[in-house]
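For reference, the chains in residue letters:
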Amino acid sequence: MRTLIDIPEEDMRWLDNRAVIEGKSRAAVVRDAVAKYRTASTSEGIEQAFGLWRDRDDIGDSVAWQRRMRAEWTRPWDEDYDSVRAEFPDLFDAEDDREREYWRTRK
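None of the values given here were measured: they were computed from a predicted structure.

K.L.:
How would you summarise the side chain of R100 if you had to cite specific residues and measurements?
P.N.:
Looking at the secondary structure, you find R100 in helix 6 (residues 94-106). The exposure class assigned to R100 is buried, which follows from its relative accessible area of 11%. A distance of 3.3 Å separates a polar atom in the side chain of R100 from a polar atom in the side chain of D82. Among all residues touching R100, those that are not within four sequence positions of it are P76, W77, D78, E79, Y81 and D82.

Below you can see the structure in the form of structure tokens.
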């Protein structure tokens, strides 16, 4: 289907430059942009990504893996530091514990 659209001159220059860089026609760049915009602005992108990691066998239990990844972001001043450290002791060291004591005494 063909369409006629008005595009500001500056945008048209950018579009032509982008077409040269990508080695495509202006129309192809516009079609790609519309397709990307459509995916990004609808649930289609979510639906395409849903279950993307379902066949991965390198992470084991995905929920446990996710909990561990989130635990890496725990800092000594966080309220849940002690419980996260108890669950994942290998993620923390003596320096973390010293910093925890420092923050605990400041309260």
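K.L.:
Requested: an account of the packing of helix 1 (residues 9-22) against helix 2 (residues 26-40), with residues and values cited.
P.N.:
Put simply, helix 1 and helix 2 touch, their axes get as near as 9 Å, and they point 100° apart. Judged on the interaxial angle alone, helix 2 and helix 1 are roughly perpendicular. Residues M12, L15, D16, R18, A19 and E22 of helix 1 pack against R26, V29, V30 and D32 of helix 2.

K.L.:
For the packing of aromatic side chains, give the residues involved together with the corresponding values.
P.N.:
This model, assessed by the stated rule, comprises three aromatic pairs. Taking the centre distance of 5.2 Å and the plane angle of 75° together, the rings of Y81 and F92 count as edge-to-face. One end of the pair, Y81, is in helix 5 (residues 81-87); the other, F92, is in the loop between helix 5 and helix 6, and eleven residues separate them in sequence. On the accessibility criterion, Y81 (1% relative accessible area) is buried. An aromatic cluster is defined as three or more aromatic residues linked by ring pairs; in this entry it consists of W77, Y102 and W103.

Reading the values: rules and limits
- Residues numbered from 1 in each chain as written.
- Predicted model: local features only at pLDDT ≥ 70, side-chain atom pairs only at ≥ 80, totals over all residues.
- Heavy atoms only, no water.
- Helix = DSSP H or I, 4+ residues; strand = E, 2+ residues; numbered from the N terminus.
- Buried < 20%, exposed > 50% of the residue type's maximum accessible area, 1.4 Å probe, protein only.
- Polar contact = N/O pair within 3.5 Å; in protein donor to acceptor, adjacent residues only side chain to side chain.
- Contact = heavy atoms within 4.5 Å.
- Axes fitted to C-alpha atoms, helices over the stretch in contact; angles between N-to-C directions.
- Parallel < 35°, antiparallel > 145°, perpendicular 65-115°, else oblique.
- Phe/Tyr/Trp six-rings, centres within 6.5 Å; stacked < 30°, edge-to-face > 60°.

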